[in-house]
Amino acid sequence: MSAPPAPLGLLAELTHRCPLRCPYCSNPTELSRASAELDAATWGRVFREAASLGVLQLHLSGGEPAARRDLAEIVAHAAAAGLYSNLITSGVLLDAARLRALAAAGLDHVQLSVQDAEEASADRIGGLSGGHARKLRFAAEVREAGLPLTLNAVVHRQNLDRLPALIDLALQLGAGRLEVAHVQYYGWALRNRDALLPGRQQLDAATATVAEARRALHGRLVIDYVVPDYHAHRPKACMGGWGRSFLAVSPAGKVLPCHAAESLPGFDFPNVRDTSLAEAWSGSEAFGRFRGTDWMPEPCRGCERAEVDWGGCRCQAFALTGDAASTDPACSLSPHHHLLDLAVREAAAAPPDFTYREMGAKAAV
Amino acid sequence: MTVEGATVLRLARGMRLREDATRARWVVIGPERLFVPDEIALEILRLLDGARSVDAIVDDLAARYDAPRPAIEADVLALLRDLAGRGVVAA
């Protein structure tokens with residue numbers, strides 16, 4: 001096999017600790033404890049190894065990355081390694097002084113999540129009373145610190161109708177960019193799918209809202225938006241293809257082709273405590289398993305889109321079919337594609353209560 | 001934002017122009033964004049210092065490449081208007 005392409009992006013999940021309890025959290029259902037977390041010096045080594053592998057962009061995430069008191073030291077390591085650093089945060093743990101320290105340490109960009117545009121709903125979805133108001137203050141502090149801001153709105157059936165208000169909120173907060181991110185249904189979100197999955201009409205209205213706002217706000221606000229898998233005919237090139245352009249490191253040091261891959265069974269993922277990032281990327285069985293097209297089953301094998309979508313998402317394939325090596329059911333050519341329609345129909349009933357993300361409370365996979 | 005001859009532009013906040021040594025190229029990096037400028041675009045981006053106007057950049061390039069000014073001006077304006085629309089450069 002030829003050498004794999006060099007990775008462009010690294011997601012560093014610094015911790016799984018978080019004061020929010022979003023029912024669609026992308027962390028694995030088995031959350032790492034604080035005692036298992038890598039220390040700042042080890043993150044520094046990981047960042048230097050990433051930069052020499054070809055990584056340009058670093059996403060500092062969690063959990064809530066600011067749950068770590070040594071976050072500024074970690075940011076300084078990223079800047080010293082020459083990586084573009086993006087802090088992905090809930091905004092509820094950082095005050096203006098800590099934020100200034102992060103800016104001084106070389107932080108390039110802040111991405112703030114909001115759960116809704118309406119306070120009561122936002123606090124209910126995030127599971128933290130007072131969280132939304134704190135986020136609004138934080139956004140102002142980000143601007144005052146001179147840092148560029150992206151607003152990240154995770155959308156689903158219970159807030160999608162307020163997308164116009166979310167767009168207004170992004171403008172009001174001085175964000176240069178808005179990510180409208182549909183929930184992806186594995187892990188915690190799969191457990192809450194019936195409460196979250198939007199119907200077709202609601203989705204079409206949202207898609208039209210985005211198209212109109214993009215026209216009206218051209219040059220003022222960049223809006224990123226992707227139609228969710230459950231209403232798609234073709235799968236996404238998840239992570240740009242397994243082991244092709246992206247890697248993640250978990251709080252405890254596991255090197256993963258995607259932040260959700262830790263939940264896939266039958267893998268022995270490399271750990272930065274025992275191996276270099278270069279060895280994990282180029283030499284490990286885990287990264288090689290679904291890389292390229294050789295592993296593909298029908299109908300991916302020989303498909304003209306095999307190197308466009310790379311077979312879609314392995315985690316979604318496992319979540320819906322029980323086999324991580326099957327075609328992503330988001331593809332209309334998948335023999336399991338009907339499962340998505342079925343799920344949309346089932347979710348059309350009255351939404352059940354959320355199962356909130358909790359340390360030690362296990363979600364069904 | 002309108003981009004005219006007198007406009008003074010710089011890279012937008014959060015955008016960085018840097019060398020990508022692994023891939024032997026220069027890139028503009030932003031949040032979830034990566035632009036690979038061609039040779040001409042790279043020359044223009046390097047001249048965005050937050051002090052020079054678009055006119056001054058056109059003058060510089062026209063002199064350096066000994067090319068007709070109107071053609072250079074049209075190229076520079078088209079590129080910078082596109083980048084401004086995408087949030088890569090700002091006044």
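We now turn to the structure provided with this report. In this text the structure is predicted, and so the values were computed from the model without any measurement. (Residues numbered from 1 in each chain as written. Chains lettered and ligands numbered in written order. Predicted model: local features only at pLDDT ≥ 70, side-chain atom pairs only at ≥ 80, totals over all residues.)

**With respect to the overall build of chain B**
Under the convention used in this document: Helix and strand assignments follow DSSP, with helices taken as H or I runs no shorter than four residues and strands as E runs no shorter than two, numbered in order from the N terminus. Each radius of gyration reported is based on C-alpha atoms, and the globular scaling rule is 2.2 Å times the count of residues to the power 0.38. In this scheme every C-beta is placed from the backbone, and a residue whose C-beta has 20 or more other C-beta atoms within 10 Å is buried, one with 12 or fewer is exposed, and one in between is partly exposed.
Per the secondary structure count, chain B includes three helices and five strands. Seen in sequence order, chain B has helices and strands lined up from the N terminus as β-β-β-β-α-α-α-β. Scaling as 2.2 N^0.38, a compact globule of 91 residues should have a C-alpha radius of gyration of about 12 Å, and chain B matches this with 13 Å. Expressed along its principal axes, the backbone C-alpha trace of chain B runs to roughly 35 × 30 × 20 Å. Among the 91 residues that make up chain B, the fraction classed as buried is 25%.

**Comments concerning the pairing of strand 2 (residues 16–20) of chain B**
All names here are of chain B. Quick note on the threshold: Whether two strands pair comes down to DSSP finding at least two bridges between them.
Examined bridge by bridge, strand 2 and strand 3 (residues 25–30) share five bridges and lie antiparallel to one another. Its bridge partner lying in strand 3, Glu19 is registered against Trp26. Count of turn residues in the strand 2/strand 3 antiparallel hairpin: four residues, of which Ala24 carries a positive phi of about 50 degrees.

**Structural notes on the nonpolar core**
Nonpolar side chains in soluble globular proteins tend to end up buried together. All names here are of chain A. Which entries qualify depends on this criterion: Only buried Ala, Val, Leu, Ile, Met, Phe, Trp, Tyr and Cys residues enter a nonpolar core, and they are joined through C-beta atoms within 7 Å. In this description, a residue-residue contact is defined by the distance between C-beta atoms placed from the backbone, which must lie within 7 Å.
Judged by nonpolar contacts, the single largest core of 126 residues is most densely connected at Phe47, Leu58, Leu83 and Leu151. The element that contributes the greatest number of residues to this core is helix 2 (residues 71–80), accounting for six residues. Ignoring any residue separated from it by four or fewer positions in sequence, one finds Leu151 in contact with Leu112, Val114, Leu169, Ala170, Leu173, Ala175 and Leu178.

**Focus: the packing of helix 1 (residues 40–53) of chain A against helix 2 of chain A**
All names here are of chain A. Selection rule: Where helices are involved, their axes are fitted lines through C-alpha atoms of the stretch in contact, as for all axes, and angles between N-to-C directions lie from 0 to 180°. What sets the label is the angle itself: under 35 degrees gives roughly parallel, over 145 gives roughly antiparallel, 65 to 115 gives roughly perpendicular, and the rest give oblique. The handedness criterion is simple: a crossing whose near helix is rotated anticlockwise from the far helix by less than a right angle is left-handed, and one whose near helix is rotated clockwise is right-handed. Asp, Glu, Lys and Arg are counted as charged, while Ala, Val, Leu, Ile, Met, Phe, Trp, Tyr, Cys and Pro are counted as nonpolar; the rest, among them Gly, fall into the polar class.
Following both chains from N to C, one finds helix 1 and helix 2 inclined at 20 degrees, their axes separated by 9 Å at the closest point. Our classification of the angle between helix 1 and helix 2 gives roughly parallel. Where helix 1 crosses over helix 2, the two elements pack in a sense that is right-handed. Contacts between helix 1 and helix 2 involve Ala40, Trp43, Gly44 and Phe47 from the first element and Glu73, Ile74, His77 and Ala78 from the second. Tallied by class, the residues present in the contact of helix 1 with helix 2 amount to five nonpolar, two polar and one charged.

**Quick notes on the sheet that holds strand 1 (residues 9–13) of chain A**
All names here are of chain A. Ordered in space as 7-6-5-4-3-2-1-8-9, the nine strands form an open sheet in which the pairing is mixed. Two strands bound the open sheet, and with one partner strand each, they are strand 7 (222–225) and strand 9 (255–256). With four bridges connecting them, strand 6 (residues 177–182) and strand 7 associate as parallel partners. Pairing of Arg177 across the sheet is with Val222, part of strand 7. Seen against the sheet, helix 6 (residues 163–172) touches strand 4 (109–114), strand 5 (149–155) and strand 6 and runs at an angle of roughly 165 degrees to strand 5.

**Examining the sheet that holds strand 4 (residues 33–35) of chain B**
Think of a sheet as strands paired side by side through backbone hydrogen bonds, with each pair either parallel or antiparallel. Residues and elements named next belong to chain B. Spatially, 2-3-4 is the arrangement adopted by the three strands of the open sheet, whose pairing is antiparallel. Bordering the open sheet on either side are strand 2 and strand 4, each of which pairs with just one other strand. Each adjacent strand pair in this sheet contributes to an overall mean axis angle of 35 degrees, direction not counted.

**Observations concerning the interface of chain A and chain B**
Listed per partner, the contact involves 18 residues of chain A and 17 residues of chain B. Looking at the side of chain A that touches chain B, the elements that each hand over two or more residues are strand 3 (84–89), strand 4 and strand 7 of chain A.

**Thoughts on the environment of A:Glu262**
Relative to the elements of secondary structure, A:Glu262 occurs in the loop between strand 9 and helix 10 (277–283). Each C-alpha atom, one on A:Glu262 and one on A:Asn27, is 9.3 Å from the other, the two residues being 235 residues apart in sequence.

**Describing the packing of helix 2 (residues 54–65) of chain B against helix 3 (residues 69–85) of chain B**
Residue and element names in this part refer to chain B. Two elements in contact, helix 2 and helix 3, have axes whose closest approach is 9 Å; the angle formed by their N-to-C orientations is 130 degrees. It follows that helix 2 is oblique to helix 3 by the angle criterion. In the crossing of helix 2 with helix 3, the sense of the turn from one axis to the other is right-handed. Residues Val54, Ile57, Val58, Leu61 and Ala62 of helix 2 lie in contact with helix 3, whose contacting residues are Arg69, Ile72, Glu73, Val76, Leu77 and Leu80.

**Some thoughts on helix 1 of chain A**
Residues and elements named next belong to chain A. As a reminder, the rule being used: Between the first and last residue of a helix there are one fewer steps than residues, each counted as 1.5 Å, and that sum is the expected span. Think of the arc as the fan of directions from the helix axis to the C-beta atoms.
The first and last C-alpha atoms of helix 1 sit 20 Å apart over 14 residues, in line with the 20 Å expected at 1.5 Å per residue. Taken residue by residue, helix 1 has Trp43, Val46, Phe47, Ala50 and Ala51 as its buried positions. Viewed end-on, helix 1 has its buried residues packed into an arc of 135 degrees, placing them on one side of the element. Packed against the buried residues of helix 1 are strand 1, strand 2 (57–61), helix 2, strand 8 (246–249) and helix 10. Count one or two residues on from helix 1 and you reach Gly54, which has phi positive near 120 degrees.

**Some details on unusual backbone geometry**
Negative phi characterises most residues that are not glycine, and trans characterises most peptide bonds. Residues and elements named next belong to chain A. With an omega dihedral of 10 degrees, the bond running from Gly62 to Gly63 counts as a cis peptide bond. Turning to its location among the elements, Gly63 is positioned in the loop between strand 2 and helix 2. Note the cis peptide between Glu298 and Pro299, where omega equals 0 degrees. The backbone of Met239 shows a phi angle near 60 degrees, a positive value even though the residue is not glycine. By the secondary structure assignment, Met239 is in the loop between strand 7 and strand 8.

By themselves, these figures tell us nothing about what the structure is for.
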